Amino acid sequence: MSSAQQLLRAQRDLLLKWTCDHPAPLLRWLHDEEVLSPSFYFSLLEKPPSDAVAKALDTVCTSEESSQRFLEVLKEVQDYYCKDLHLWVDRHCGFDANRQPPSGDVKDEDEHKKPKGAFAKLFKRKNKGFSIRVEIKGKKDPKLRSQMMANLKVLISAHKTTLLKRMEELKCYSEGSREASNSASHIEIRYTDLFVTEDNDFTDSSQHEYFDLASRRARIYVHQSCQRIRPSQLLSPQETTGQPPKRVKVKGIAGIGKSVAVQRLVYEWAIGKSMREFTCIFDLCFRELNLIETPLSLLDLLGERFRYLKDALPNLFTEPKYLLFILDGLDEFKFFLDWNSRDKNIGIESKVTVSELIVALVKGNLLPEASIILTTRPSTEAPKHFFQRCCVVLGFEENQVKEYTTKFYKDREVAEKVYDYISNNDNIFVLSFIPLYCYIICMAMGEFFSSDTQDVGDFKSLELNPPRTVSEVYLCYLFTTVKHHALRGSAERSTQRSEVLSLAKQQLTNLGKLAYENLLQRKIMFSKEDLERYGVTPAEIQGTFLCQILHPLKEEAVDMFSFFHLTVQEHLGALYCALNLYSQEDITQALNLWCFGLHPPSTTSTLLRNIDPNVDMLDSLQMFTRFFMGLLRARLESQLDGLVDPSMEEENGVPAGLGLWFKDQFKDRKMKNETALNLLHCLMEFHMKETTTIAAPEIKKLNLFKMKLSIVDCAAMYYVLKFSPHTLQELNLGYSNIGNRGLHRLRPILHRCESLYLRYNCLDWQAAILESAILKSKECQVKKLFMCGNNLGPEGVNELWRALEQNSTVEELYLDITGVTEKGTENIVNCLGKNASLRILTIVGNEIGEVGRERLRELQKLRPDLRIIANFVDDLGLLQAYLGWVDEIRADRDQMDSVKNVDALQSVLNGLQGVAGKVEKGENAGKAMELRTKIEELLKSHMIGGR
């Protein structure tokens, strides 16, 4: 027998013929077996299929070892290919006694009668290329059963091949049909792992889902206490039971990567690399399920959705434990789901409405042994008690942002430039953890940072002056999108921005009006008729820049569309408003309406007439309002020329007028923390010194207590407050989780804060060093400093003692539960003995030991005017404050996750136990006992997950 190398060389053309139409399984397995290097493998994925297989074969044939391994891989993947290849493998690679020769053929669907009905028509494009023929239905005869199993194997292989062809291109965003692209979209190349963790959030939020997610990430990232879950591990055994969950819910905001994650999961199963315990996976999209108006059975649904599996379904359902259903996008389902309905006896042939079918599947009334993965946005109700595992997708971590950027571009130099731009800009960096924002940034920045960019016009200027704000990034993305299509094939790459935008003026105006008017109604899905009412023709979408903006259901029978992300709708709506609100009065009336729900008594603007936003939805307009401010500045700075109506005259004094409006809000209005923070962001997006200089001095106090703040929130605070010349009476950032990075962003203004609350902010010894430098500053005006609940450690507090030796302003210092040890008291006597301003020092909840307590007694002798509180029982007010804190935790489950209060509670308990018996009676003793009892009960309760 000839060698493997000789065999492959001799049979090369035949093997190429059999595998060239569908090389993915073969190439992936060759890569995983290290026959093909990663770089070579990725390069093959971007080539035409026949070229990819030809080059792979040429590489394999260079040695006998690689040729032999190729034959071994071919045996593993033969079921993806034709009957002739199976016979060739049996002949040349050794017959597998456990494998029956195939008897069912996969034929083109045109040879068979096409099914009828709207739902069947919906899927006729997806399934093109496969049908089935099961000739043997008997099960009792061993030969017939063997034949049936062989046919079933062929059908499952056909199913896998169909899924692979559908999922190879990563179509997570509307990238359109660009002829030339700087990005590689194959799922093997582009896909980047997401940060997925268990969902322990029992609270619902009415705020914009982006800000809610930012809060959750702020809590989780700093502590690193959560379990990361890869999409392929969603059905892995649970720690508590040791059993895999049957029902899994995966939630996350729009654009966070839910659909892409399950798309990757299906791809990995289809290619034979994960979840191999399942015989079959059925992926169903709720957008498509919206089309089913009449009752049908599960067999009907799957038979039309996966037509080539129709005859095999009864056999597959005999063992439902080997089946997985993926239900993607519950938030897009238009039918009502009655989760409280009485359980019905529903079988796979029972004809019910599609909503009843979904409820029965999720609740386990139908196929309880089957596994379910359901994805949804946080705003959609899907009761947690129906699921054994609930997960939340948090997007990317920093290293994954870099990985995504590297994968996005074929040009490594461009990738490095764009990532440097992202990582060095706080505002943009915070956006990048959402994969869709990463996509927008990469799309917007790519050609501006490309190596062949000409040094002229708008293109080079962006590299010299990169966007500073979120709205600038989106405007850059929009311009890039319009320019790409407007100038396709044109040699005039330096065409001015105004000329490019003017080409799309009417379309952008129509889109903006559609976006704005429907945003205020919370409408995100549009029919063909909806678009046409706004002058948008669906037929124009493909082949124009609209394919980057509107996301159609890519099926023949569907005429539903949406903006491909909520923020794109918000941005275009804000653009429409920025182009049509000219007078100072209209602009301030609009802000009153969007920020506070105040209707203008009278207005000349059609944008503000007959608008009635629900007060409860004002928080969801925050991003829209920020976009508006950024785009208003762009108009004032002539960046929107080409879109602006030349007949409209720019009104003078808009920046000053806006400054007075913001000043009035901070001066006279009592507002929620979220609203105050949003106004700071609006000022940062507007980014005009004249406006901020007028508004900022009116901010005397800023209370963002328990607001989970990101680095971009800190950037907004810094931007505005740096324009205020006076002392800030109070800056309360307690329980905000800003971390060291956020504190560093705020550093230039912290010396002007008389009362500075930094309690429970995930700060460590580096933050203590930063704060020490502030206290040493000659300009320091800090009088009260609250650092409780941060892990400063002995190194950090020793820095603070040294700073206080030189400081003459701090009167009160609170260091409860900051990780102070005996070592952290080494220089306290020497340093604080020389300080003359400090009047109160609390240091409870720290294990300073007897030596540390002796040092405090020595300090007390040197400084009799300094009140030192080292034990909880020393101060009744302190005990009462901690009792209130414990009651808050009991009432608010979210606090347990946000600041690692389990550890803090244990520290308090240790402190109380350390002084047990020293105070036997009195009010202090009673409160101490009450506090101790409540903490013990809380730590033992299920409120903290049974820790």
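This is a predicted model, so every value here is computed, not measured.

1. Examining unusual backbone geometry
So, point 1. With a phi angle near 50°, L367 is a residue other than glycine that sits in the positive phi range.
So, point 2. Relative to the helices and strands, L367 is located in the loop between helix 16 (354–363) and strand 5 (371–376).
So, point 3. Residue classification places L367 among the buried residues on the basis of a relative accessible area of 10%.
So, point 4. Although it is not a glycine, C762 sits at a positive phi angle of roughly 60°.
So, point 5. Within the secondary structure, C762 is located in the loop between strand 12 (753–757) and helix 34 (765–776).
So, point 6. On the basis of relative accessibility, which here comes to 16%, the residue C762 falls in the buried class.

2. Remarks on the sheet that holds strand 6 (residues 389–393)
So, point 1. Pairing is mixed in the open sheet, where six strands are placed in the order 1-6-2-5-4-3. Only two strands of the sheet have a single neighbouring strand rather than two, namely strand 1 (196–198) and strand 3 (280–285). Direction aside, the axes of adjacent strands within the sheet are offset by 20° on average.
So, point 2. Across four bridges, strand 4 (residues 323–328) lies against strand 5 in parallel orientation. Counterpart to L327 in the pairing with strand 5 is L374.
So, point 3. The strands touched by helix 14 (residues 298–305) are strand 3 and strand 4; relative to strand 3, the strand with the most contacts, the crossing angle is about 90°.

3. Some details on a negative patch on the surface
So, point 1. A surface patch of like charges, here negative, comprises E33, E34, E72 and E76.
So, point 2. As for its placement among the helices and strands, E33 is situated in the loop between helix 3 (24–32) and helix 4 (38–45).
So, point 3. Note on E33: relative accessible area 37%, which makes it partly exposed.

4. Thoughts on the sheet that holds strand 10 (residues 701–703)
So, point 1. The sheet built from seven strands is open, its strands ordered 10-11-12-13-14-15-16 with parallel pairing. Sheet topology places strand 10 and strand 16 (867–869) at the edges, where each strand pairs with a single neighbour. Averaged over all pairs of adjacent strands, the angle between strand axes in this sheet comes to 10°, irrespective of strand direction.

5. Focus: the pairing of strand 5
So, point 1. Of all six residues making up strand 5, six are buried, and the element is well covered by its neighbours.
So, point 2. Side chains S371, I373 and T375 project from strand 5 onto one buried face, and the interleaved I372, L374 and T376 project onto a second face that is buried too.
So, point 3. With five bridges connecting them, strand 2 (residues 247–251) and strand 5 associate as parallel partners. Paired with V250 across the strands is T375, a residue of strand 5.
So, point 4. You can see the chain leave strand 4, run along helix 16 and come back into strand 5, and the turn it takes is right-handed.

6. Here's the deal with the packing of helix 38 (residues 876–891) against helix 41 (residues 923–940)
So, point 1. As a packed pair, helix 38 and helix 41 sit with axes 10 Å apart at the nearest point and diverge in direction by 20°. When the axes of helix 38 and helix 41 are compared, the pair comes out roughly parallel. When the axes of helix 38 and helix 41 are compared, the crossing they make is left-handed. Seen from helix 38, the contacting residues are L876, L879, Q880, Y882, L883, V886, D887, I889 and R890; seen from helix 41, they are E923, N924, K927, A928, E930, L931, K934, I935, E937 and L938.
So, point 2. Counted by class, the contact of helix 38 with helix 41 contains 10 nonpolar, two polar and seven charged residues.

Rules used in this analysis
Residues numbered from 1 in each chain as written. Predicted model: local features only at pLDDT ≥ 70, side-chain atom pairs only at ≥ 80, totals over all residues. Heavy atoms only, no water. Helix = DSSP H or I, 4+ residues; strand = E, 2+ residues; numbered from the N terminus. Buried < 20%, exposed > 50% of the residue type's maximum accessible area, 1.4 Å probe, protein only. Pairing = 2+ DSSP bridges. Axes fitted to C-alpha atoms, helices over the stretch in contact; angles between N-to-C directions. Contact = heavy atoms within 4.5 Å. Patch = residues over 30% accessible without salt bridge, like charges linked within 9 Å, V, L, I, M, F, W, Y side chains within 5 Å. Areas by Shrake-Rupley, 256 points an atom, 1.4 Å probe, with all protein chains shown as cover. Salt bridge = Lys/Arg side-chain N within 4 Å of Asp/Glu carboxyl O. Lys, Arg positive; Asp, Glu negative; His and termini not counted. Charge placed at Lys NZ, Arg CZ, Asp CG, Glu CD. Right-handed = clockwise from strand over helix to strand, strands pointing away. Parallel < 35°, antiparallel > 145°, perpendicular 65-115°, else oblique. Left-handed = near helix turned anticlockwise from the far one by under 90°. Nonpolar A, V, L, I, M, F, W, Y, C, P; charged D, E, K, R; others polar.

None of this, on its own, says anything about what the molecule does.
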